[in-house]
Amino acid sequence: MTLQGNGSPTRTVVLGGGGTVGVAWQTGLLTGLRDAGVDLAGASAIVGTSAGSLVGALLSSGRDVTDALAVLAEVGKKLDFDSLGAGSQSFLDASRQAVFAADPQQALRAIGSAAQEASTTLTEDDYLGLLEILDGVAWPAGFRCTAIDTGTGELVVWSQASGVPLLHAVAASCVVPMLFPTVTINGNRYMDGGIVNHLNAAAAPPSDVLVVVSCLPLGAQEGGADSNRSASTIKADAEIAQLRETTRLVAMEPDFSDIETPIKMLDPETAGRALHIGKHQAEHEAAAIRAAWDF
(Lines give C-alpha, C1' and ligand atoms only; values in the text may rest on other atoms or scores of the structure.)
Protein backbone atom coordinates (compact mmCIF):
# COMPACT_ATOMS: atom_id res chain seq x y z
CA MET A 1 0.00 0.00 0.00
CA THR A 2 1.19 3.51 -0.83
CA LEU A 3 1.19 5.75 2.22
CA GLN A 4 -0.59 9.10 1.99
CA GLY A 5 2.39 10.86 3.53
CA ASN A 6 6.05 10.22 4.14
CA GLY A 7 6.43 8.02 7.21
CA SER A 8 3.72 6.59 9.42
CA PRO A 9 0.39 5.61 7.89
CA THR A 10 -2.52 8.00 8.37
CA ARG A 11 -5.56 6.66 10.21
CA THR A 12 -9.05 8.12 10.28
CA VAL A 13 -12.06 7.13 12.36
CA VAL A 14 -15.59 7.86 11.14
CA LEU A 15 -18.29 7.80 13.84
CA GLY A 16 -21.84 7.74 12.51
CA GLY A 17 -25.20 8.94 13.73
CA GLY A 18 -27.67 6.83 15.67
CA GLY A 19 -29.38 8.77 18.45
CA THR A 20 -28.93 8.03 22.14
CA VAL A 21 -28.71 4.31 21.36
CA GLY A 22 -25.83 5.04 18.99
CA VAL A 23 -24.04 7.19 21.57
CA ALA A 24 -24.27 4.39 24.12
CA TRP A 25 -23.17 1.65 21.70
CA GLN A 26 -20.20 3.66 20.43
CA THR A 27 -19.22 4.49 24.00
CA GLY A 28 -19.25 0.83 24.97
CA LEU A 29 -17.39 -0.22 21.84
CA LEU A 30 -14.65 2.40 22.11
CA THR A 31 -14.05 1.82 25.82
CA GLY A 32 -13.98 -1.93 25.21
CA LEU A 33 -11.46 -1.53 22.40
CA ARG A 34 -9.33 0.74 24.56
CA ASP A 35 -9.35 -1.81 27.37
CA ALA A 36 -8.27 -4.42 24.81
CA GLY A 37 -5.30 -2.26 23.80
CA VAL A 38 -6.80 -0.63 20.70
CA ASP A 39 -7.14 3.09 21.40
CA LEU A 40 -8.75 4.85 18.43
CA ALA A 41 -8.06 8.21 20.07
CA GLY A 42 -4.68 8.05 18.34
CA ALA A 43 -6.25 8.57 14.92
CA SER A 44 -4.87 11.25 12.62
CA ALA A 45 -8.44 12.45 12.06
CA ILE A 46 -11.87 11.75 13.55
CA VAL A 47 -15.08 12.57 11.69
CA GLY A 48 -18.37 12.64 13.57
CA THR A 49 -21.99 12.91 12.49
CA SER A 50 -24.84 13.41 14.96
CA ALA A 51 -24.30 10.87 17.79
CA GLY A 52 -20.81 10.31 16.43
CA SER A 53 -20.01 14.01 16.68
CA LEU A 54 -20.52 13.95 20.45
CA VAL A 55 -18.50 10.78 20.93
CA GLY A 56 -15.89 11.95 18.42
CA ALA A 57 -15.45 15.32 20.11
CA LEU A 58 -14.73 13.59 23.42
CA LEU A 59 -12.46 10.98 21.84
CA SER A 60 -10.38 13.49 19.89
CA SER A 61 -10.06 15.93 22.79
CA GLY A 62 -8.59 13.29 25.09
CA ARG A 63 -11.69 13.10 27.28
CA ASP A 64 -13.10 9.80 28.46
CA VAL A 65 -15.89 8.90 26.02
CA THR A 66 -17.99 7.67 28.95
CA ASP A 67 -18.61 11.38 29.63
CA ALA A 68 -21.19 11.05 26.84
CA LEU A 69 -23.34 8.99 29.20
CA ALA A 70 -23.85 12.09 31.34
CA VAL A 71 -25.39 13.78 28.31
CA LEU A 72 -27.76 10.85 27.82
CA ALA A 73 -28.78 11.12 31.45
CA GLU A 74 -29.60 14.81 31.00
CA VAL A 75 -31.64 14.08 27.87
CA GLY A 76 -33.62 11.52 29.87
CA LYS A 77 -34.34 14.10 32.56
CA LYS A 78 -35.52 16.77 30.12
CA LEU A 79 -37.57 14.69 27.68
CA ASP A 80 -40.14 11.99 28.39
CA PHE A 81 -40.41 8.62 26.68
CA ASP A 82 -43.21 9.72 24.34
CA SER A 83 -41.25 12.76 23.17
CA LEU A 84 -38.18 10.64 22.45
CA GLY A 85 -40.29 8.10 20.57
CA ALA A 86 -41.77 10.88 18.46
CA GLY A 87 -38.27 12.16 17.84
CA SER A 88 -37.17 8.78 16.50
CA GLN A 89 -40.10 8.78 14.07
CA SER A 90 -39.45 12.38 13.12
CA PHE A 91 -35.91 11.53 12.08
CA LEU A 92 -37.05 8.54 9.99
CA ASP A 93 -39.68 10.68 8.27
CA ALA A 94 -37.18 13.46 7.53
CA SER A 95 -34.66 10.96 6.19
CA ARG A 96 -37.17 9.38 3.81
CA GLN A 97 -38.44 12.77 2.67
CA ALA A 98 -34.95 13.95 1.76
CA VAL A 99 -33.44 10.73 0.37
CA PHE A 100 -36.35 9.86 -1.92
CA ALA A 101 -36.99 13.43 -3.09
CA ALA A 102 -36.30 14.44 -6.69
CA ASP A 103 -34.33 17.37 -5.25
CA PRO A 104 -32.87 16.35 -1.85
CA GLN A 105 -31.54 19.83 -1.07
CA GLN A 106 -34.94 21.38 -1.65
CA ALA A 107 -36.45 18.73 0.63
CA LEU A 108 -33.85 19.51 3.29
CA ARG A 109 -34.68 23.21 3.06
CA ALA A 110 -38.34 22.37 3.64
CA ILE A 111 -37.43 20.14 6.60
CA GLY A 112 -35.17 22.87 7.93
CA SER A 113 -37.92 25.47 7.66
CA ALA A 114 -40.35 23.21 9.52
CA ALA A 115 -37.71 22.48 12.16
CA GLN A 116 -37.16 26.19 12.76
CA GLU A 117 -40.89 26.81 13.18
CA ALA A 118 -41.52 23.74 15.35
CA SER A 119 -42.54 24.20 18.96
CA THR A 120 -39.98 22.15 20.87
CA THR A 121 -39.91 21.28 24.55
CA LEU A 122 -36.43 22.74 24.92
CA THR A 123 -35.28 26.23 23.99
CA GLU A 124 -32.01 26.55 22.07
CA ASP A 125 -30.22 27.54 25.27
CA ASP A 126 -31.75 24.57 27.12
CA TYR A 127 -30.61 22.27 24.34
CA LEU A 128 -27.07 23.66 24.34
CA GLY A 129 -27.06 23.13 28.11
CA LEU A 130 -27.39 19.38 27.57
CA LEU A 131 -23.88 19.45 26.11
CA GLU A 132 -22.26 21.66 28.73
CA ILE A 133 -19.43 19.13 29.10
CA LEU A 134 -18.09 20.66 25.86
CA ASP A 135 -18.45 24.26 26.99
CA GLY A 136 -15.08 25.97 26.72
CA VAL A 137 -13.34 22.90 25.28
CA ALA A 138 -10.90 23.86 22.53
CA TRP A 139 -11.51 22.38 19.11
CA PRO A 140 -9.37 19.22 18.87
CA ALA A 141 -6.86 19.02 16.03
CA GLY A 142 -7.99 16.53 13.41
CA PHE A 143 -11.66 16.52 14.47
CA ARG A 144 -14.42 17.23 11.96
CA CYS A 145 -18.18 17.16 12.37
CA THR A 146 -21.11 17.59 10.02
CA ALA A 147 -24.46 19.37 10.00
CA ILE A 148 -27.10 20.54 7.51
CA ASP A 149 -27.59 24.25 6.81
CA THR A 150 -31.38 24.66 7.08
CA GLY A 151 -31.36 27.63 4.71
CA THR A 152 -29.49 25.97 1.83
CA GLY A 153 -29.97 22.26 2.51
CA GLU A 154 -26.21 21.79 2.10
CA LEU A 155 -23.98 19.56 4.20
CA VAL A 156 -21.34 21.53 6.10
CA VAL A 157 -18.18 20.03 7.56
CA TRP A 158 -16.56 21.97 10.38
CA SER A 159 -12.96 21.59 11.48
CA GLN A 160 -10.55 23.42 13.75
CA ALA A 161 -9.97 25.95 10.97
CA SER A 162 -13.67 26.85 10.79
CA GLY A 163 -13.54 28.99 13.93
CA VAL A 164 -16.82 27.55 15.23
CA PRO A 165 -17.26 26.78 18.96
CA LEU A 166 -17.06 23.03 19.53
CA LEU A 167 -20.17 23.02 21.71
CA HIS A 168 -22.32 24.68 19.05
CA ALA A 169 -20.97 22.56 16.20
CA VAL A 170 -21.63 19.28 17.99
CA ALA A 171 -25.04 20.44 19.17
CA ALA A 172 -25.97 21.41 15.60
CA SER A 173 -24.83 18.04 14.30
CA CYS A 174 -27.19 16.31 16.76
CA VAL A 175 -30.39 18.31 16.10
CA VAL A 176 -33.15 15.78 15.44
CA PRO A 177 -35.70 17.86 13.48
CA MET A 178 -38.88 18.71 15.42
CA LEU A 179 -37.46 17.24 18.65
CA PHE A 180 -34.58 19.65 19.29
CA PRO A 181 -34.38 23.31 18.27
CA THR A 182 -32.10 24.21 15.38
CA VAL A 183 -28.76 25.72 16.44
CA THR A 184 -27.62 29.19 15.45
CA ILE A 185 -24.02 29.63 14.27
CA ASN A 186 -22.89 32.91 12.71
CA GLY A 187 -26.49 33.86 11.92
CA ASN A 188 -27.35 30.59 10.16
CA ARG A 189 -29.44 27.72 11.52
CA TYR A 190 -28.31 24.09 11.46
CA MET A 191 -29.71 20.62 12.06
CA ASP A 192 -28.67 16.96 12.15
CA GLY A 193 -25.88 16.08 9.73
CA GLY A 194 -27.10 12.50 9.31
CA ILE A 195 -30.50 13.01 7.71
CA VAL A 196 -29.38 12.00 4.21
CA ASN A 197 -26.26 10.02 5.14
CA HIS A 198 -25.70 8.83 8.70
CA LEU A 199 -21.94 8.37 8.14
CA ASN A 200 -20.67 11.06 5.76
CA ALA A 201 -17.48 9.04 5.42
CA ALA A 202 -16.51 11.03 2.33
CA ALA A 203 -15.90 13.98 4.67
CA ALA A 204 -12.80 12.14 5.94
CA PRO A 205 -9.42 13.28 4.65
CA PRO A 206 -7.44 10.88 2.43
CA SER A 207 -6.11 8.16 4.74
CA ASP A 208 -4.23 4.89 4.61
CA VAL A 209 -6.62 3.29 7.10
CA LEU A 210 -10.28 4.18 7.54
CA VAL A 211 -12.20 2.74 10.49
CA VAL A 212 -15.95 3.26 10.13
CA VAL A 213 -18.11 2.86 13.23
CA SER A 214 -21.72 2.68 12.07
CA CYS A 215 -24.56 2.66 14.61
CA LEU A 216 -26.89 1.32 11.91
CA PRO A 217 -26.61 -1.88 9.84
CA LEU A 218 -24.45 -1.61 6.72
CA GLY A 219 -25.67 -3.23 3.51
CA ALA A 220 -28.18 -5.37 5.37
CA GLN A 221 -31.24 -4.61 3.28
CA GLU A 222 -32.76 -2.08 0.94
CA GLY A 223 -34.29 0.87 2.76
CA GLY A 224 -37.61 1.39 0.99
CA ALA A 225 -39.95 4.24 1.72
CA ASP A 226 -41.94 2.12 4.20
CA SER A 227 -38.92 0.56 5.88
CA ASN A 228 -38.21 0.92 9.59
CA ARG A 229 -34.59 1.32 8.59
CA SER A 230 -33.41 4.89 8.13
CA ALA A 231 -33.19 5.87 4.48
CA SER A 232 -29.87 7.51 5.35
CA THR A 233 -28.30 4.05 5.16
CA ILE A 234 -28.74 3.96 1.37
CA LYS A 235 -26.27 6.80 0.79
CA ALA A 236 -23.95 5.51 3.49
CA ASP A 237 -23.77 2.02 1.97
CA ALA A 238 -22.94 3.39 -1.49
CA GLU A 239 -20.27 5.64 -0.02
CA ILE A 240 -18.62 2.80 1.88
CA ALA A 241 -18.59 0.57 -1.20
CA GLN A 242 -16.81 3.28 -3.17
CA LEU A 243 -14.26 3.99 -0.43
CA ARG A 244 -13.38 0.30 -0.14
CA GLU A 245 -11.99 0.46 -3.67
CA THR A 246 -9.25 2.91 -2.73
CA THR A 247 -8.75 2.67 1.04
CA ARG A 248 -7.91 0.02 3.61
CA LEU A 249 -11.32 0.17 5.27
CA VAL A 250 -12.71 -1.74 8.21
CA ALA A 251 -16.29 -1.22 9.32
CA MET A 252 -18.03 -2.04 12.58
CA GLU A 253 -21.77 -2.15 13.08
CA PRO A 254 -23.88 -3.09 16.11
CA ASP A 255 -25.14 -6.56 16.81
CA PHE A 256 -28.62 -5.75 18.06
CA SER A 257 -29.98 -9.21 17.30
CA ASP A 258 -31.15 -9.64 20.89
CA ILE A 259 -33.13 -6.38 20.84
CA GLU A 260 -36.69 -6.43 19.58
CA THR A 261 -37.21 -4.51 16.34
CA PRO A 262 -38.00 -1.92 15.20
CA ILE A 263 -35.44 -0.19 17.41
CA LYS A 264 -36.23 3.38 18.43
CA MET A 265 -32.81 5.01 18.38
CA LEU A 266 -33.77 7.51 21.10
CA ASP A 267 -35.11 4.89 23.54
CA PRO A 268 -33.26 5.29 26.87
CA GLU A 269 -33.85 1.66 27.88
CA THR A 270 -32.38 0.39 24.63
CA ALA A 271 -29.44 2.76 25.09
CA GLY A 272 -28.57 1.04 28.37
CA ARG A 273 -28.48 -2.34 26.65
CA ALA A 274 -26.54 -0.92 23.69
CA LEU A 275 -23.72 0.18 26.00
CA HIS A 276 -23.14 -3.40 27.14
CA ILE A 277 -23.51 -4.77 23.61
CA GLY A 278 -20.78 -2.40 22.46
CA LYS A 279 -18.42 -3.55 25.21
CA HIS A 280 -19.09 -7.20 24.37
CA GLN A 281 -18.53 -6.64 20.65
CA ALA A 282 -15.21 -4.97 21.36
CA GLU A 283 -13.92 -8.18 22.91
CA HIS A 284 -14.59 -10.04 19.65
CA GLU A 285 -13.54 -7.34 17.19
CA ALA A 286 -10.41 -5.96 18.85
CA ALA A 287 -8.06 -8.32 16.99
CA ALA A 288 -9.43 -7.38 13.56
CA ILE A 289 -9.30 -3.67 14.35
CA ARG A 290 -5.75 -3.97 15.69
CA ALA A 291 -4.64 -5.77 12.52
CA ALA A 292 -5.95 -2.95 10.34
CA TRP A 293 -4.77 -0.21 12.68
CA ASP A 294 -1.21 -1.53 13.01
CA PHE A 295 -0.60 -2.76 9.44
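Residues numbered from 1 in each chain as written. Predicted model: local features only at pLDDT ≥ 70, side-chain atom pairs only at ≥ 80, totals over all residues. Heavy atoms only, no water.

Draft legend 1. The packing of aromatic side chains, seen in detail. According to the stated counting rule, one finds 3 aromatic pairs in the structure shown. Between tryptophan 139 and phenylalanine 143 the ring centres are 5.6 Å apart and the planes differ by 40 degrees, which places this aromatic pair in the tilted class. The same class applies to tryptophan 139 and to phenylalanine 143, which are both buried. Taking NZ or CZ as reference, arginine 11 lies 5.5 Å from the ring centre of tryptophan 293, over its face. (Phe/Tyr/Trp six-rings, centres within 6.5 Å; stacked < 30°, edge-to-face > 60°. Buried < 20%, exposed > 50% of the residue type's maximum accessible area, 1.4 Å probe, protein only. Lys NZ or Arg CZ within 6 Å of the ring centre and 35° of its normal.)

Draft legend 2. Quick peek at the nonpolar core. In terms of nonpolar packing, the biggest core is built from 85 residues, with Leu40 and Trp158 touching the most fellow members. Ranked by residues supplied to this core, first place goes to helix H9 (residues 268–293) with 9 residues. When sequence neighbours within four positions are dropped, the list of residues in contact with leucine 40 reads Val13, Leu30, Leu33, Ile46, Leu59, Val211, Ile289 and Trp293. Residues Ala204, Leu210, Val212 and Ala236 belong to the second largest nonpolar core, which totals 13 residues. (Core = buried A, V, L, I, M, F, W, Y, C linked by side-chain atoms within 4.5 Å. Helix = DSSP H or I, 4+ residues; strand = E, 2+ residues; numbered from the N terminus. Contact = heavy atoms within 4.5 Å.)

Draft legend 3. Molecular detail of the pattern of salt bridges. By the definition in use, this model includes 6 salt bridges. Residue aspartate 93 is joined to arginine 96 by a salt bridge in which the shortest nitrogen-to-oxygen separation is 3.6 Å. With aspartate 93 and arginine 96 both in helix H4 (residues 81–99), this residue pair falls 3 residues apart, about one helical turn. Residue classification places arginine 96 among the buried positions, given a relative accessible area of 15%. Salt bridges sharing common partners tie together Arg34, Asp35 and Asp64. (Salt bridge = Lys/Arg side-chain N within 4 Å of Asp/Glu carboxyl O.)

Draft legend 4. Region of the structure containing the pairing of strand S6 (residues 188–192). Pairing of strand S3 (residues 143–149) with S6, which is carried by 3 bridges, proceeds in the antiparallel orientation. Residue pairing across strands places alanine 147 opposite aspartate 192, the latter belonging to S6. Across 3 bridges, the pairing between strand S5 (residues 183–185) and S6 is antiparallel. For valine 183, the partnering residue across the bridge sits in S6 and is tyrosine 190. (Pairing = 2+ DSSP bridges.)

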